[in-house]
Structures are given as structure tokens and as C-alpha cells.
Amino acid sequence: MPAQQEASPALLPSTPPLLPSTSADAFTPEASCGDEGCWPSMYLVGAQKASTTALFQLLRTSSGICGATARPGSFPAASYKEVHFFDNDGVPWEGAEGARANTSLYTRLFRREECASRRFLDATPQYQYSWHAPMRMSLFVPETWRPRVRMITILREPLSRDLSYYNHRVDENLQRTNWTLGWYDGLVPVQKFCLAPTVHRGRPRLPRYEDEVHCEAERWSACLESAGVGSSLHAQYEHCMTAGRYRGSIARGVYAMHLARWKRYFSREQILVLQYEELHADLPGHLARIGSFWGLTSLPAVGAMAESNAHEGGHKLRQIDCRTRSMLLALFQPWNDMLYEDLGRDAAAHAAPDVEPRQFRPFNATVGCTDRKVSARGVIRVDPALL
């Protein structure tokens, strides 16, 4: 199905909806359920590789929240944690009426008989950077339920996130015993590398991180420039994200634009922004914020989350070429500065949730670098000192 076009203004709210009453009746979990399933009120929308899986597992075991369960004949939820509904072009998204006529495709994945607490969480981190997800959710979720939606996004220093995502994709490819070029070619564009892998003795030869990110940076820069001379960063981003002009990994770290997009369709009070590094530095304090925001009362007093999707194979890269590190930091800096300014304005205007930290600390890049060649071209090679 072709990329979804932006809905006409007549189909969208002129301003984000006001929050509902905070009375107990307004947030009764049972009120979210009907004959066709239940509506989640909790969404963990991002960022990818920012401990969303670890947080989901912690909340699932400690507070009784539930994820999605697919059944024969229903929409194929990607996993119990990640539904991948609002970022899926295979759903009938033809305008507001078309979307609302198919709401049961989503709600049937959340069944009251399978969740004693009636508290459901859709933790799909790809929603954050999806161009279409905010608009689709605003059209799809009933107006009476939309103001009850509470979203959390966890923002990780972009270079660290990008390297973690690279390691994740390398691991997925190398751990697949029946890997073939045919299998790789069948992946959707966002799952592929910028540089296509080759085959060596029946195994994939994957691009070095340095080569991969330089390829991504060239594509990203070319797309921004094609927006026209004098275009603002905001206009450049919208130009690249519409019509699928750019779908690479760099856009996943442009958090200011993600947040701006979500704020077009939902009140800022519905979006709790946390920082990955601060979350791990003070997990008890941040769990208290999350519990208050989502109305969860049984969160444990733990000092650390169990690692998930850590991918500690021998191919994992922990440091990169210094010139590549400098290039990526410079690439992300203007977008980071925009994020700090926007979050500062939200805090000054008291637009953010009361439980959100008043100050978002500037990111501190912790990825180390070396002037040595990190890996042979096209073949992952890790210095034994890093293992």
C-alpha cells in the first residue's frame, strides 16, 4: 500500500484535546473495554534501543499490565510488547471514517479475559519516529478515549542509540542460521542497511559501522538539501519524512521533530519525556514518575533493570573511528539544540506533565573512539581487548 497521505484539516482536531477529569470514574480500567476488546491507555512510543523492552518486562511482572495477544483471524500483532499497528501501512487507513470502521482490528488484540488488571500497554518504540503514527492514532482512537491516552518516550543520546541499533541489526543477521540474500532482500526498507551486504562462504558480510553511517549521512544530507536553499530544519525534516524520501537510521535520533509531530495531535500533558541516561542513574525516582503518570501503584523499589536485547556477541562494537564519532556528533547537534529549546519552552509554559523532570540535561556522548581501524572493510572484526 502506498504511503498514507496527510489527512485533510477537516478530519483533525484544530487543537490537541483537553485532558479529561481526573476523577476515578474517568480512568476506570474497565471503562476501556467493550465487546470488541479494550483500548490501551498506556503507550511506550520510544525510543528504539532506549530500554523499552526492559521497562515493559519490569512493569509486566510488577504491576500486572498486559500487552497484545494475536489470535487466528485477527490483525497479526508483531509481539506481546510491540503491536506495530499505527506504523503499519497494511491497515486500512483511508481517512477518518475508514480508520474508525476498523477499530476492532486493534482492540481485539487486548482482551479483558486475558488481563485481570484491565491495564493495557502498547510498547512499540517505532511509533515515535513514524511520520504517520501520530496522525493515525488521533484518527483511530475514539474521541471519548483519546484524551485518556498517556504516552512515554525515553530519549537516549543519539550516537549511542545509533550504535546500539547497528549492533542490534548485525546480531539479527549473524545469528540467523539460514541467512540468504533472498531473505535479506525481503526485509522492509527500514530493516535494511544503507550498504547492501554480500555473501562470503555462505555467511553474510555486513558493512562496517563507519562505512554504514557515512552512507546514511550522505543520504540524509542530500535529502535535506533537496528541500531547497533557505529551508528551516523543520521544513527540511518534513520534506525528507513525507513520501518516504528518507527512511534511514539517522532520522530515528532527531527527537525534536518526533516530539513536534506528536504535539500536533495530542496535548503535551499526555506525553512524558524522560532521558535514558537519567532513567538508569535514578531508576527508583523515574519509576515513581512513571507510576504516577500511568496510575500504577505497585511498582517495585529496584535499583536497576535487567538488560534486554543487549546482544553481547563477539561482534559487538563499543568504540568507533574518531572521525566518524566527530561527524555524527556534529550532525546531531543542531537537532539536539532544538530539542533542548523546545523542552525548555514546554517546562516554562507548564505544558508538560507535572511529573516530568523540569530540566532535560544536554546529552553526554559516552561512545568511545579510536584512531585505529575498528574492523576490516565489509567483515565484522572486533579487537580482542574489547571483548
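In case you missed it, the structure is sitting above this.
Residues numbered from 1 in each chain as written. Predicted model: local features only at pLDDT ≥ 70, side-chain atom pairs only at ≥ 80, totals over all residues. Heavy atoms only, no water.

1. Quick notes on empty space enclosed by the protein
This structure, assessed with the given rule, holds five cavities of 30 Å³ or more. Approximately 80 Å³ is the volume found for the largest cavity. Along the walls of the largest cavity sit V45, Q128, M151, T153, L155, Y255, H258, L259, W262 and I271, which together make up its complete lining. If you tally residues by element for the lining of the largest cavity, the top one is helix α9 (residues 255-263), at four residues. Grouping the constituent residues of the lining of the largest cavity by class yields seven nonpolar, three polar and no charged. Estimated volume of the second largest cavity: approximately 40 Å³. In this structure, the second largest cavity is lined by W131, H234, Y237, E238, M257, A260, R261 and R264. Residue assignment for the lining of the second largest cavity shows that the elements contributing at least two residues are α8 (233-241) and α9. In terms of residue class, the lining of the second largest cavity is made up of four nonpolar, one polar and three charged. (1 Å grid on protein atoms, 1.4 Å probe; cavity = no way out; pocket = protein on both sides within 12 Å on 5 of 7 lines; lining within 4 Å. Points joined across faces, edges and corners; volume = space filled by probe spheres on them. Helix = DSSP H or I, 4+ residues; strand = E, 2+ residues; numbered from the N terminus. Nonpolar A, V, L, I, M, F, W, Y, C, P; charged D, E, K, R; others polar.)

2. Topic: the packing of α9 against helix α12 (residues 322-348)
It is the contact of α9 with α12, at a shortest axis distance of 7 Å, that shows an interaxial angle of 40 degrees. When the axis of α9 is compared with that of α12, the two are oblique. Within the contact between the two elements, α9 uses Y255, A256, M257, L259 and K263 and α12 uses W335, M338, L339, D342, L343 and D346. Looking at the contact of α9 with α12, its residues break down into eight nonpolar, no polar and three charged. (Axes fitted to C-alpha atoms, helices over the stretch in contact; angles between N-to-C directions. Parallel < 35°, antiparallel > 145°, perpendicular 65-115°, else oblique. Contact = heavy atoms within 4.5 Å.)

3. What about the state of the cysteines?
Throughout the structure, instances matching the rule amount to five disulfides. In this model, C223 is linked to C240 through a disulfide, with the two sulfur atoms separated by 2.3 Å. On the sign convention where negative means left-handed, the S-S torsion of about -135 degrees between C223 and C240 marks this disulfide as left-handed. Within this pair, whereas C223 is found in helix α7 (residues 209-225), its partner C240 is found in helix α8, the two being separated by 17 residues in sequence. The pair C223 / C240 is uniform in exposure class, with both members buried. There is a disulfide in this structure between C322 and C369, and the S-S distance comes to 2.2 Å. The sign of the 85 degrees torsion about the S-S bond sets the C322-C369 disulfide as right-handed. With C322 in helix α12 and C369 in strand β10 (residues 368-370), the pair connects residues that are 47 residues apart, well separated along the chain. (Disulfide = S-S within 2.5 Å. Buried < 20%, exposed > 50% of the residue type's maximum accessible area, 1.4 Å probe, protein only.)

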